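Chain by chain, the residues:
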Amino acid sequence: MNRSQRRIERAGELAARYPNASEMLRFYRELAIFQSGPHADLPSLVALVSRAGTPVLQEAARRLAPEHPLYGFFERVLEQPRFEQQAAQSGVDTRTVQPNCPFCFEKPVAAVLRPEGDGGRRTLVCGRCSTEWEFRRLLCPNCGEEDREKLPVYTSDEFPHIRVEACDACRHYIKAIDLTRDGNAVPEVDEIAALPLDLWAAEQGYRKLAPNLFDC
Ligand SMILES: [Zn+2]
Ligand SMILES: [Zn+2]
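Just so it is clear, the model here is predicted, and its values are computed rather than measured.

Enquirer: In this structure, what is going on with the packing of helix H1 (residues 3–17) against helix H2 (residues 22–36)? I would like to understand it.
Expert: Each pair of packed helices gets described by two things: the angle between the helix axes and the distance between those axes. The interhelical angle for the contact between H1 and H2, taken along N-to-C directions, is 165°, at an axis separation of 8 Å. The angle between H1 and H2 falls in the class roughly antiparallel. For the crossing formed where H1 meets H2, the hand is left-handed. Residue-level inspection shows Ser4, Arg7, Ile8, Ala11, Gly12, Leu14 and Ala15 of H1 in contact with H2, the latter providing Ser22, Leu25, Arg26, Tyr28, Arg29, Ala32, Ile33 and Ser36. Considering only residue class, the contact of H1 with H2 consists of eight nonpolar, four polar and three charged.

Written as structure tokens, this is what we have:
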């Protein structure tokens, strides 16, 4: 199964599991199907959003112009498959530890934790081109803080495989998808499903490192 098929399938699974996020996940699933299809152009996207988008996006689709504040959403949906393909073919080095995407220099939208036998790694994922690159476990990708005391991790019963990794030095956070707890997780989809963790983190005064498709 390729990456876009896994996204489509996972969005359907999580929509059934998390009723609070099901509307957004069903919409995301439609976007992922759209992105993998042969007619991923602006008019088709506007039609899809008008039919299945959130009320705010439906309104944006009606008066879409480059100066509209939500124009970025449409651009991101349209350019993501191309960036993803270019990044995959680029041969960019994903083993050098750096805070931003080695291909397109965006800040990471999520972190990923893998089993020890698999390198015990923490990687970061780009929301724009889907590149995943290596990073250290105890290091803030925003400000470079390394003091364990200043890097609290928060978990919840609702999302046992997702942690909020915060930094008390710069007050930013990133959500980490723990594949040792759920090997079927698809980081960019599970990150969207865990919206309640974003609301919680905002209440604690933390800012998200990089927005996902629906945060912007
Ligand atoms: Zn990237
Ligand atoms: Zn920091």
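Enquirer: For this particular structure, what's the right way to read the packing of aromatic side chains?
Expert: To describe a pair of aromatic rings, you give the distance between the ring centres and the angle between the ring planes. Throughout the structure, instances matching the rule amount to eight aromatic pairs. Relative to Phe159, the ring of Tyr18 lies with its centre 4.6 Å away and its plane at 40°, an arrangement referred to as tilted. You can see Tyr18 sitting in the loop between H1 and H2 and its partner Phe159 sitting in the loop between strand E4 (153–154) and strand E5 (162–166), a full 141 residues away along the chain. As far as the burial class goes, Tyr18 and Phe159 line up, both buried. An aromatic cluster of at least three residues, connected via ring pairs, comprises Phe27, Tyr28, Phe73, Phe74 and Phe214. Over the ring of Phe83 we find Arg82; its NZ or CZ atom is 5.3 Å from the centre of that ring.

Enquirer: What should I look at first to understand the coordination of the zinc ion (ligand 2) in this one?
Expert: Under ideal tetrahedral coordination, the four donors around a metal are separated by 109.5 degrees; under ideal octahedral coordination, the six donors are separated by 90 or 180 degrees. Protein coordination at the zinc ion (ligand 2): the donors are Cys140 (SG), Cys143 (SG), Cys167 (SG) and Cys170 (SG), at 2.3 Å from the metal. The site at the zinc ion (ligand 2) holds four donor atoms, and with the angles between them running 106 to 113°, its shape is tetrahedral. The sequence pattern formed by the donor residues of the zinc ion (ligand 2) is C-x2-C-x23-C-x2-C. For Cys140, a relative accessible area of 6% puts it in the buried group. Assessed through its relative accessible area of 40%, Cys143 is described here as partly exposed.

Cut-off values and rules
Residue positions are given per chain, counting from 1 as you read along its sequence in written order. Written order decides the labels, with chains lettered from A and ligands numbered from 1. With pLDDT at 70 or above as the cut-off, local features in this predicted model cover only qualifying residues; side-chain atom pairs require 80 or more to be listed or tallied, and sums for whole chains, interfaces and linings still use all residues. The side-chain figures draw on all heavy atoms in the structure; neither hydrogens nor water molecules are used. The convention used is that axes are lines fitted to C-alpha atoms, helices contributing only their stretch in contact, and that angles between N-to-C directions extend from 0 to 180 degrees. In DSSP terms, a helix is any run of H or I states spanning at least four residues, a strand is any run of E spanning at least two, and both are numbered starting from the N terminus. Orientation labels follow simple angle bins: below 35 degrees gives roughly parallel, above 145 gives roughly antiparallel, 65 to 115 gives roughly perpendicular, and whatever is left gives oblique. A clockwise turn of the near helix away from the far one marks a right-handed crossing, whereas an anticlockwise turn of less than a right angle marks a left-handed crossing. Residue contacts are defined here by distance: any two heavy atoms, one from each residue, within 4.5 Å place the two residues in contact. Each residue gets one of three labels, nonpolar for Ala, Val, Leu, Ile, Met, Phe, Trp, Tyr, Cys and Pro, charged for Asp, Glu, Lys and Arg, and polar for the others, Gly among them. Centres within 6.5 Å are what make two rings of Phe, Tyr or Trp a pair, Trp counting through its six-membered ring; a difference in plane orientation under 30 degrees is then read as stacked, over 60 as edge-to-face, and the rest as tilted. Only protein chains enter the accessibility calculation, which uses a 1.4 Å probe. A residue is then buried if its area is under 20% of the maximum for its type, exposed if over 50%, and partly exposed in between. Two limits define a charge over a ring: the Lys NZ or Arg CZ must be within 6 Å of the ring centre, and within 35 degrees of the ring normal. With water omitted from the atoms examined, metal sites may look incomplete; donors here are N, O and S atoms no farther than 2.8 Å from the metal, or 3.2 Å in the case of Na, K and Ca. Square planar and octahedral assignments, for four and six donors respectively, both demand that opposite donors be over 155 degrees apart and that all other angles lie between 65 and 115; tetrahedral needs four donors with all angles between 85 and 135 degrees, and anything else is irregular.

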